[in-house]
Structure formats: structure tokens, C-alpha cells
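Per-entry structural report
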Amino acid sequence: MRGRGLLGGVARAAAPLALALAVGAGCGGGPDAWRRESETAASLLAEGRPVRADRAAGRALRGAELVLDPSDVRMADVLMQRAEAHRAMGRYAEAEPLLRRAIEIRESVIGPEAAETGAALTALGGVLRDLSRYEAAEPPARRGLAIRKTALGPAHPDVAESLHELAELERMLGRFPDAESAHERALAIREESLGAEHPAVAESLTGLARLRRLQGRYREGEALLRRGLSIQEAALDPRHPDLAHTLNALSVALWEQGRHAEAEPLARRGLAIRERRLGRNHPHVGSSLYSLAECYGLKGQWARVEALRRRIVEIDEATLGPNHRKTAIGLNNLAVSIERLGRMREAEDLYRRSLEILEATLDPDHPLIAVTLGNLARIYRASGRHEDAIEMVRRGLDIQERRLGPEHPEVAQSLIEMAELLTGRERDTEREELLLRALAIRERAFGPMHGLVGHTLIRLGHHHRERGHHPKAERLFLRALEVHEASTGSDHPDTASALAHLGELYRIQERYDEAEPLLKRSLAIYEVALGPGAPQTDQAVSRLAHLYRESGRPQEADRLMMRAAMLRHLAP
């Protein structure tokens, strides 16, 4: 219409030429150029080059819109491809309207029960899940699966794709048994129909492994990820983003088992792939930064953790929005690092903001909410808001036991937090029972030499020390020291913590000659790992100075305090 209004009858005669020129400008020349661009986009997506694929898919769509009728079923194909490229780039909000257009075309032209319609519905469910719109995601995800089962048969690879998407949604909703069933069915179909070494099998293995992690079955998850990684390394380009996804998941599985020396190289490799193929601000880059930050956290390098986690929040807020579930997770994780650095008020504000987003976007009983509740309770306890802390822990523990099961490792942390909130001699037995239950859960989940087992031993030893049960406390602290030295190394802050607790016990018993080397070693570790001025370092200084004064060496205590003050002043 704009051409006729401007040029009159001349425009009609020139229309074919104008159309050809327009197509050429849009995607390379000729009325079929959109098809060539679409084929290019498909190849680039398969090769794991989403940036270039997104450009080619954009050219294909622009060209198709010039030569195809808006209701042409081929237009739906191009829309689907453009949406897939957007999703690979993390541009989920832009993918949604394209998929809705594709669904409308396919339902109208080939019918609401066609397999192609089911494919578009499955893709829409996945994008809505990416946007944390879980209630909206479930109907298209389930309908897409049902259509494909009917149209293609229950053992078709496309049915496995729909099962995988639904399983990921069930996992995010905290419905772990349903997610497990769907993932296992998808894996079986893919192994049978595509072969055990197909990259789609690796995708199912990674999805199932991530679920195993949430179920506390870490060793099973690690084995699944190593198998998936082996498949991908044989089948894919070494810079393929799918490979980075599995590397990142394996890194998480390892650091959760306290094996940061193995985890860190995998996290760095995954980060390098993602930054190169996806760009520095892609949401998936944030996932790799998260894994690398956790490796630093295991080494007690909380300032480096904070810097990485701030970058993650910036990426998520820019790409997903300030109220996205992933943004909330990033805020929670940033708050943990800030809490570790002693900035409690700032940490509380971040925890509150995280909780508000999670409660607005998730089921009220989702396990992620329980984690943030526990973190906020810890802040309340530190600031003397005892009853508020108890309420938070009880609510979180109730969620975890119902949604994860009473033997899940996350339950152990809530049991410890509840034990610490129970005050008064009359609660001694209850407190000890909670700590023993937490210890048993962690030993079953991780084995006897895991860092989290060491932490629980310290909590239990501290309980006995406060009760005056010094021999019991000593045995627990000695075992904790053994665990931390074996799991995280002799120069890790966790080892320093175990040394400090054992040294303090000896100081209380006036066993000064035994206490002094332990407290000195603890201080030396904190100074190197965390730096002067860190809360843990200051506490280590105070412990050692206290020992000097109690043992009749006040001048040494004064010199130590002066040295610590000077180092704090000189610290960057």
C-alpha cells in the first residue's frame, strides 16, 4: 500500500523488481534466499554457533516475510528456527511471540494434533520455563508431549525431546519423582532410537545428573556427567556450548563433594567456551561464573567470590530482568559471600530481595525458598532476633522434609540451624539429637571425609564443649581436623576453623602448650587465605592474644594486637 500511494500505477509494474531487491537486501538475493539462510542457520545451530545462527535466522525470517503468505506453514518453520536461535542466545522474551505465531499457523493449516504443532508447543513450554513462568509453561509442555506421543508413537526421539523439557520443568517445580520418571524415560528412548553415543543422550544424562544433585545423590550424578562428557567430546566441536554446559555441571558436582582442585579447571574451561561462543553477557556465562566462584569459596577467597557473583547478578538483571528466578538465586549467592565478609546488614537486604522474588515466581513450597529462609534466619540469629530466626528455620525445614525427603543433605543444614536456636539446659538432649541426625545424613550422602561432615563434627563438638563434656568435644574436634585436612587441604580456612576449635578447647583446659601451636597455625592460615582485617582473621588474633594473657604473657598479647592493627591499616 505504501508503494501504490507513493508511485501510483508505476509501482505495480515495478513490483517484481522491487520485491527481488527487497529480498536481496534482506537475505542475500533472490526469492529463495530465505531458504538458504534458513539452512545456514540450522547448520550453525547444530555446530553450536548461536551468535551467527541468530543473524542467519533473522535474515531468513525477514526474507520469508517478503515472499511468503503470513499463513504459509513454511513461515511457521522459519519462526520456530528464529525462536530457537533467540533461545540459544538467552533472549527468551523475544522467542515467545515467535513461537505463539508458529503455533497459530500450524494449528490453522495442519491441525492442532499434528506432530509439528506438538513441537512448537514443547518449545513454547521450554521458553516459558526459561522465563520462570512455570504455571504458564506446564500446559503447552504437557500438550506438546501428548500430541507427539499420539502422532509419532511413544518411543519416537521427538517424544524424548518433549519428555526432557517436561522433566526440566518438573525439576524446577520441585517435583523430583515426576522429573526423575520423565528423564529416565527420555534417556531410554534416546539410547534405543539414536544410539548410546548420540549427543541427545548426553543431554538426557546431564539433565538426570542435575536432578540427582538435588536429590543428594552426588556420586551417581558425577558418573552420569562423566559419561555425557565423554559422548560430547567424541561427537561435538571442542568449543560447542553444549560441552560447556556439561563441564559446568560436572564442576558443580565435584565442588559439592569438596573436590575443588578437580572442579576449578572444568569451570574455567566451560567459562572460556561460553564467553567465546555466546559472548560475555550471556545468561549461561553467569552459570560458569557461579561454578568458578564456588571453587574460590571452597578455598575461602570470599573477596574474589563477591566480585564474580556481582558480575553474575549484573548479567542476569540485564538479560533476564530484575525479577527473574535466576536473578533471585544470584542475589542470594552474593549475600552469602557478603555475609562471609562480615557485612551483615547488606547481606540481609539482599536475602530479603531474593526471597521476595522467589516467593513471587515459585511454588510456595519450592526448595529454593527454604534455602533463602535458612540464610535469612542466620542473619536474624546474629542480630538477636531469635523468634524470627526460629520461624524461618521451621518453615524452611518443613518445606525440605516434604519436598526433598527427610534424608536429603539440605535437611541436615536446617537441622543444624534449628539446633543452634534451641537455648537452655532443658533443650540439651533435643539439640544433640538434631546434630547427630544431621551428621548421619551427611555421612550417608557424602562419605565420612567430606568437608560438610567436618563442619557438623565441629558443631557437635562445640555443643559438648559448652556442656563441659571436654573429652567428647576433643574427640570430635580431632576428627573434624582430620576430615578438613584430607578434604580441603592443610591451608584451607576450614582447616583453620578446626584448629581454632581444638586450640580453644585446650586453652579452656589450661593446656597452653598444646593450644598455642594450633592457634598460631590457625591465624597463619587465615592471614594468607582471607587477609588481615577479615572477621575470621581478627577472631584468630583475639584467640591467640587471649591465650598469651591467660598464660602470663601480656606483652606478647599486646605486640600481637598492634601487629594485627598495622596489617589491617596497610591492607588494600
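Cut-offs and rules
- Counting restarts for each chain, with residues numbered from 1 along the sequence as it is written.
- A pLDDT threshold of at least 70 governs which residues receive local features in this predicted model, and a stricter bar of 80 or more applies before side-chain atom pairs are shown or counted, although totals over entire chains, interfaces and linings include all residues.
- Side-chain figures throughout are based on the complete set of non-hydrogen atoms in the structure, without hydrogens or water.
- Confidence of the prediction at every residue is given by pLDDT, a number between 0 and 100.
- Here a residue-residue contact requires only that any non-hydrogen atoms of the pair lie within 4.5 Å.
- Here a strand is any run of E in DSSP of at least two residues, a helix any run of H or I of at least four, and the numbering for each starts at the N terminus.
- When a residue's accessible area, from a 1.4 Å probe over protein chains only, is under 20% of the maximum for its type it is buried; when over 50% it is exposed; and in between it is partly exposed.
- The span one expects for a helix is its residue count, reduced by one, times 1.5 Å.
- The directions from the helix axis to the C-beta atoms form the arc being described.

**Describing the confidence of the model for the protein**
Segments scoring low in pLDDT should not have their predicted coordinates read at a detailed level. Mean pLDDT over the protein works out to 88, with 93% of the residues at or above the 70 mark. Contacts from residues 1–28, a stretch scored under 50 in pLDDT, to residues over four places away or in other chains number 24 contacts.

**Examining unusual backbone geometry**
With phi around 60°, glutamate 510 is a residue other than glycine that occupies positive phi space. By the element assignment, glutamate 510 lies in the loop between helix 25 (493–508) and helix 26 (512–529). The exposure class assigned to glutamate 510 is exposed, which follows from its relative accessible area of 58%.

**Some remarks on the environment of leucine 236**
Among the secondary structure elements, leucine 236 is positioned in the loop between helix 12 (218–235) and helix 13 (241–255). Owing to a relative accessible area of 16%, leucine 236 belongs among the buried residues under this scheme. Separated by 190 residues in the primary sequence, leucine 236 and alanine 46 place their C-alpha atoms 9.4 Å from one another. Discounting chain neighbours no more than four positions away, the residues touching leucine 236 are Pro199 and Asp242.

**Focus on the environment of aspartate 398**
By secondary structure assignment, the location of aspartate 398 is in helix 20 (residues 386–403). Taking the relative accessible area as the measure of exposure, aspartate 398 reaches 38% and is therefore partly exposed. With 28 residues separating them in the primary sequence, aspartate 398 and alanine 370 have C-alpha atoms 8.5 Å apart.

**Comments concerning helix 22 (residues 428–446)**
If you check helix 22, its first and last C-alpha atoms are 27 Å apart, about what 19 residues at 1.5 Å a residue would give, namely 27 Å. Every buried residue belonging to helix 22 is among Asp428, Arg431, Leu434, Leu435, Ala438, Leu439, Ile441, Arg442, Ala445 and Phe446, and all of these are buried. The buried residues of helix 22 occupy an angular sector of 165° when projected down its axis, which confines them to one face. Every exposed residue of helix 22 that faces more than 90 degrees away from the buried side is listed here: Thr429, Glu433 and Arg444. Tucked inside the fold, the buried residues of helix 22 contact helix 12, helix 21 (409–421) and helix 23 (451–466).

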